[in-house]
Amino acid sequence: MWKYKLMLPVKRDVEPVSLGEGDTPLIPSKSHRRLFVKFEGANPTGSFKDRGMTLAVTIAKYIGARSVVVASTGNTSASAAAYAARAGLECLVYLPKGSVARGKLFQALLHGAKVVEVDGNFDEALEEVVARYVDKASGHVYPLNSVNPWRLEGQKTIAFEIYQQLGFVPDNVIVPVGNAGNIYAIWKGFRELREVGVTDRVPRMIGVQAEGASPVFKTWLAKADELVPVEGPYTVATAIKIGRPVNWLKALTAVRESKGFMLSVSDAMIVEALKTLARDEGIGVEPASAAPLAGYRVAVEQGLIGRDETTVLIATGHALKDPEVRF
Ligand code: AN7
């Protein structure tokens, strides 16, 4: 990923804290000639979060922070824990009690993070981190949450890789939306490719949420200027079980500017898509990462996407993250 350093807003003397993230495979679907899966499960800790974390932890170290803190539905905490260990920083993670997939909690503990389990959902865990650390940033404890702009800068490299791997810009990119940062980050990446003159095309950005946790979808549908929050979000896809996503406006900006759209899919459709990826394609993902295929099916059925269009599904996390899914 650091081969794109010139496209990242870092000074030349900054020494990356890296585990070799990025350069993940773009796997062609066996069943549809123009469908591709960007397999982010191939990152060092098994999710796309590593792309943002390498950059954010690099900056934390550069500015002399001693510890990092983050609230997470799981993958961010696993990634933060690993990169903090690599950087020699302490790591503190706030997790919603009972809502984090087992593999992710295991990783956070394995890499030596201090885990605080919050009685409540992700939105409440994030509120606690913001109240304790973000508003009173001391400089010693560095907040890594999605409000951190470096994370999105790292994640935009997904767009650069898709362009290089395909050799052209796809028609559609479909992304699972939770806290809503990644869809914007990928959009920013494509926009920058256009700005520097690499290409004059950009893809439509399509966001998919789970029915029981679909505040961005609802806000998009209502054409509202304020977030339509979801209290008590629920879904089998715990990674995206978020009712008040911080980056909702960024996500809607990506969708609107790119002339894309939002979709919501049921948990049953997510599990069906998870099985298809695993059994027909050999690609093992966690539930949130199957949402794009579920969304693709809906979009094709409704005529929103043509089968002749080139579509890339962002498979955000590895199957081993969540070994307790019922299918
Ligand atoms: C597998 O780890 O929010 O819309 O705290 O783990 O950028 O939030 C995870 C999010 C999709 C959604 N797929 O990305 C966290 C966290 C997987 C994820 C998302 C997440 P955003």
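These numbers were taken from a predicted model, which means no experiment stands behind them.

*Asks:* I tried to follow the nonpolar core on my own but got confused; where do I start?
*Replies:* Where a protein is soluble and globular, its nonpolar side chains tend to be buried together. Counting residues in each nonpolar core, the largest one holds 34 residues, and the members touching the most others are Ile186, Phe190, Val216 and Ile314. Looking at this core, the elements that each hand over two or more residues are α6 (157-166), β7 (172-176), α7 (182-195), α8 (215-221), α9 (248-257) and β10 (311-315). Of all the elements, α7 adds the most residues to this core, at seven residues. Residue contacts for Ile314: discarding those within four places in its chain leaves Lys38, Glu40, Ile158, Ile162, Val173, Ile174, Val175, Pro176, Asn182, Ile186, Ser289 and Pro292.

*Asks:* When you look at helix α11 (residues 287-301) in this model, what are you seeing that I'm missing?
*Replies:* Each full turn of the α-helix corresponds to 3.6 residues, which orients residues three or four apart in the same direction. Under the 1.5 Å per step criterion, the end-to-end length of α11 is 21 Å for 15 residues, consistent within 8% with the ideal 21 Å. A large share of α11 lies buried, amounting to 13 of its 15 residues. Within two residues after α11, Gly303 carries a phi angle of roughly 75°, on the positive side.

*Asks:* Would you mind going over the site of the ligand with me for this structure?
*Replies:* Taken together, 22 residues lie near the ligand, and Asn75, Thr76, Asn179, Ala180 and Thr316 sit nearest. At 2.8 Å, a backbone N or O of Thr73 approaches an oxygen atom of the ligand. One of the side-chain nitrogen or oxygen atoms of Thr316 is found 2.7 Å away from a nitrogen atom of the ligand. Calculation on the ligand without its partners gives an accessible area of 470 Å², and the protein chains cover 98% of this total.

*Asks:* Honestly, helix α1 (residues 49-62) in this entry has me stumped. Any pointers?
*Replies:* Counted at 1.5 Å a residue, the expected span for α1 with its 14 residues is 20 Å, and the 20 Å between its end C-alpha atoms agrees. Extensive coverage of α1 is indicated by the burial of twelve of its 14 residues.

*Asks:* Help me understand the sheet that holds strand β1 (residues 26-28) in this model?
*Replies:* Across a sheet, strands are paired by hydrogen bonds formed along the backbone, either parallel or antiparallel in direction. Taken in spatial order, the six strands line up as β1-β2-β10-β7-β8-β9 in an open sheet, and their pairing is mixed. Whereas interior strands pair on both sides, the edge strands pair on one side only; in this sheet they are β1 and β9 (261-265). Each strand axis lies, on average, 25° off the axis of its neighbour in the sheet, ignoring direction. In the packing of helix α10 (residues 267-281) onto the sheet, the strands contacted are β1, β2 (35-39), β8 (204-210) and β9, and the crossing angle to β9 comes to about 95°.

*Asks:* Is there a simple way to explain the pattern of salt bridges in this structure?
*Replies:* A complete count under the given rule lists 16 salt bridges for this structure. Two residues, Glu127 and Arg244, come together in a salt bridge whose shortest N-O distance is 2.5 Å. Of this pair, Glu127 sits in helix α4 (residues 122-134) while Arg244 sits in the loop between α8 and α9, and the two are 117 residues apart along the sequence. Residue classification places Arg244 among the partly exposed residues on the basis of a relative accessible area of 30%. Lys275 is the salt-bridge partner of Glu272, the closest N and O atoms lying 3.9 Å from each other. With Glu272 and Lys275 both in helix α10, this residue pair falls three residues apart, about one helical turn. Shared partners join several salt bridges into a network, and the residues in it are Lys38, Glu40, Arg51 and Glu161.

*Asks:* I tried to follow unusual backbone geometry on my own but got confused; where do I start?
*Replies:* With glycine set apart, most residues show a phi of negative sign, and most peptide bonds adopt trans. In this structure, Asp23 takes a positive phi of about 50° despite not being glycine. The phi dihedral of Lys223 falls on the positive side, at around 50°, and the residue is not glycine.

Conventions and cut-offs
- Residues numbered from 1 in each chain as written.
- Predicted model: local features only at pLDDT ≥ 70, side-chain atom pairs only at ≥ 80, totals over all residues.
- Heavy atoms only, no water.
- Core = buried A, V, L, I, M, F, W, Y, C linked by side-chain atoms within 4.5 Å.
- Buried < 20%, exposed > 50% of the residue type's maximum accessible area, 1.4 Å probe, protein only.
- Helix = DSSP H or I, 4+ residues; strand = E, 2+ residues; numbered from the N terminus.
- Contact = heavy atoms within 4.5 Å.
- Expected span 1.5 Å × (residues − 1).
- Near = heavy atom within 4 Å.
- Polar contact = N/O pair within 3.5 Å; in protein donor to acceptor, adjacent residues only side chain to side chain.
- Areas by Shrake-Rupley, 256 points an atom, 1.4 Å probe, with all protein chains shown as cover.
- Pairing = 2+ DSSP bridges.
- Axes fitted to C-alpha atoms, helices over the stretch in contact; angles between N-to-C directions.
- Salt bridge = Lys/Arg side-chain N within 4 Å of Asp/Glu carboxyl O.

Treat this as a map of the structure, not an account of what it does.
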